[in-house]
Amino acid sequence: MKKKYVVTMIVVIIFALIALLVIGIFNSSSNDAKKFKKEYESLNGQKNSNGKEYISVDIESNNKIYYAKYQEIMDLLDHGTGVIYFGFPECPWCRNMIPVLLDAADETSIEKIYYFNALSMRDKKSLKDGVIVTEKEGTEEYYQLLDALSSILGPYEGLDDDTILRLYFPTVVFVKNGTIVGSHEGTLDSQKDPYVALTIEQKEELKKIYTDFIHEVLGDVCDSKC
């Protein structure tokens, strides 16, 4: 009888631990979603240092944003599968595209969008009298990130040197088993002013770009035959 009681208690403890783990994961995901919503919506109606008003964004409280750590991003690019969003809340192009990306995520079975703000890591260079001047050096992690993303990044504009790469925001990267299967930088060529919201037609065009790449990550659409 005592042995049966001990076994029962062990089973109960195991189930309790599993329940706590599940609750912890859920709460972490929920906290990230709420944090992201607050981070981006807090700038609604505000103006930047140049007097330009940020467009207002409406972020769902149950969005799929996950605040990823640097090593998680590097591991994902090395051998993982998922969607990475590089951006920051003050970026006007980011504010235009993020509701569209989140809508695209909701229309698919992707579980999360890995969010990483690399702004503070990034270098700053300029061309003065034909000489490239580094005004702010990037972090070691930033240059490692550039190397990992080198296949999809373009050159640092204005330096007349295509060997110097730059991570511009927003950039969305789609990874499957450590291989980048797609990426998208900015919004659309048809959008000239990021302080003017995308039209309905532009949002649909951008969403299709995102959903097509997400389906490629998920592998849930047949290219020709199944």
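As the structure is a computational prediction, the values presented were derived from the model and not from experiment. (Residues numbered from 1 in each chain as written. Predicted model: local features only at pLDDT ≥ 70, side-chain atom pairs only at ≥ 80, totals over all residues. Heavy atoms only, no water.)

## Examining the overall build of the protein chain
Looking only at helices and strands, the protein chain features five helices and seven strands. Going from the N terminus to the C terminus, the protein chain shows its helices and strands as α-β-α-β-α-β-β-β-α-β-β-α. For the protein chain, with 226 residues in total, the buried portion stands at 39%. For the protein chain, long-range pairs separated by at least 24 residues make up 67% of all intrachain contacts whose partners lie at least 6 apart in sequence. (Helix = DSSP H or I, 4+ residues; strand = E, 2+ residues; numbered from the N terminus. Buried < 20%, exposed > 50% of the residue type's maximum accessible area, 1.4 Å probe, protein only. Contact = heavy atoms within 4.5 Å.)

## Considerations on the environment of Glu 72
Structurally, Glu 72 can be placed in helix 2 (residues 70-79). On the accessibility criterion, Glu 72 (27% relative accessible area) is partly exposed. In this structure, the C-alpha to C-alpha distance between Glu 72 and Tyr 114, residues 42 residues apart in sequence, is 8.9 Å. At 2.5 Å, the side chain of Glu 72 forms a polar contact with the side chain of Tyr 66. (Polar contact = N/O pair within 3.5 Å; in protein donor to acceptor, adjacent residues only side chain to side chain.)

## Some remarks on a negative patch on the surface
A cluster of acidic residues, Asp 58, Glu 60, Asp 103 and Asp 106, forms a negative patch on the protein surface. Structurally, the position occupied by Asp 103 is in helix 3 (residues 92-106). (Patch = residues over 30% accessible without salt bridge, like charges linked within 9 Å, V, L, I, M, F, W, Y side chains within 5 Å. Areas by Shrake-Rupley, 256 points an atom, 1.4 Å probe, with all protein chains shown as cover. Salt bridge = Lys/Arg side-chain N within 4 Å of Asp/Glu carboxyl O. Lys, Arg positive; Asp, Glu negative; His and termini not counted. Charge placed at Lys NZ, Arg CZ, Asp CG, Glu CD.)

## Quick notes on the packing of helix 3 against helix 5 (residues 200-218)
The interhelical angle for the contact between helix 3 and helix 5, taken along N-to-C directions, is 50°, at an axis separation of 9 Å. Classified by the angle between their axes, helix 3 and helix 5 sit oblique to one another. The two elements helix 3 and helix 5 meet at a crossing, and its hand is right-handed. Touching Met 97, Val 100, Leu 101, Asp 103, Ala 104 and Ala 105 of helix 3 are Lys 203, Leu 206, Lys 207, Tyr 210, Thr 211 and Ile 214, all from helix 5. Here the contact of helix 3 with helix 5 is composed, by residue class, of eight nonpolar, one polar and three charged. (Axes fitted to C-alpha atoms, helices over the stretch in contact; angles between N-to-C directions. Parallel < 35°, antiparallel > 145°, perpendicular 65-115°, else oblique. Left-handed = near helix turned anticlockwise from the far one by under 90°. Nonpolar A, V, L, I, M, F, W, Y, C, P; charged D, E, K, R; others polar.)

## Observations regarding the sheet that holds strand 6 (residues 171-176)
An order of 1-3-2-6-7 is seen for the five strands of this open sheet, with the pairing classed as mixed. Strands at the two margins of the open sheet, each flanked by one partner only, are strand 1 (65-67) and strand 7 (179-185). Pairwise comparison of adjacent strand axes, ignoring direction, gives a mean angle of 25° for this sheet. Relative to strand 2 (residues 82-86), helix 2 is tilted by about 130°, and along the sheet it contacts strand 1, strand 2, strand 3 (113-116), strand 6 and strand 7. (Pairing = 2+ DSSP bridges.)

## Here we look at the pairing of strand 4 (residues 124-128)
Where strand 4 lies against strand 5 (residues 131-136), five bridges are found, and the strand directions are antiparallel. Paired with Lys 124 across the two strands is Lys 136, which belongs to strand 5.

## Let's talk about the packing of helix 2 against helix 4 (residues 140-148)
Taken N-terminus to C-terminus, the directions of helix 2 and helix 4 make an angle of 20°; their axes are 11 Å apart at the nearest point. In terms of orientation, helix 2 and helix 4 fall into the roughly parallel class. The chirality of how helix 2 crosses helix 4 is left-handed. Mapping the contact onto sequence places Tyr 70, Ile 73, Met 74 and Leu 77 in helix 2 and Glu 141, Gln 144, Leu 145 and Ala 148 in helix 4.

## Structural notes on the side chain of Lys 207
With respect to the helices, strands and loops of the structure, Lys 207 is situated in helix 5. Excluding residues within four positions of it along the chain, Lys 207 makes contact with Val 100, Asp 103, Ala 104 and Glu 107.

## Thoughts on the environment of Val 172
Topologically, Val 172 is positioned in strand 6. We classify Val 172 as buried; its relative accessible area is 0%. Sequence separation between Val 172 and Ser 183 is eleven residues; the distance between their C-alpha atoms is 5.5 Å. When near neighbours in sequence (up to four residues on either side) are disregarded, Val 172 contacts Val 83, Ile 84, Tyr 85, Met 97, Leu 101, Gly 182, Ser 183, His 184 and Tyr 210.

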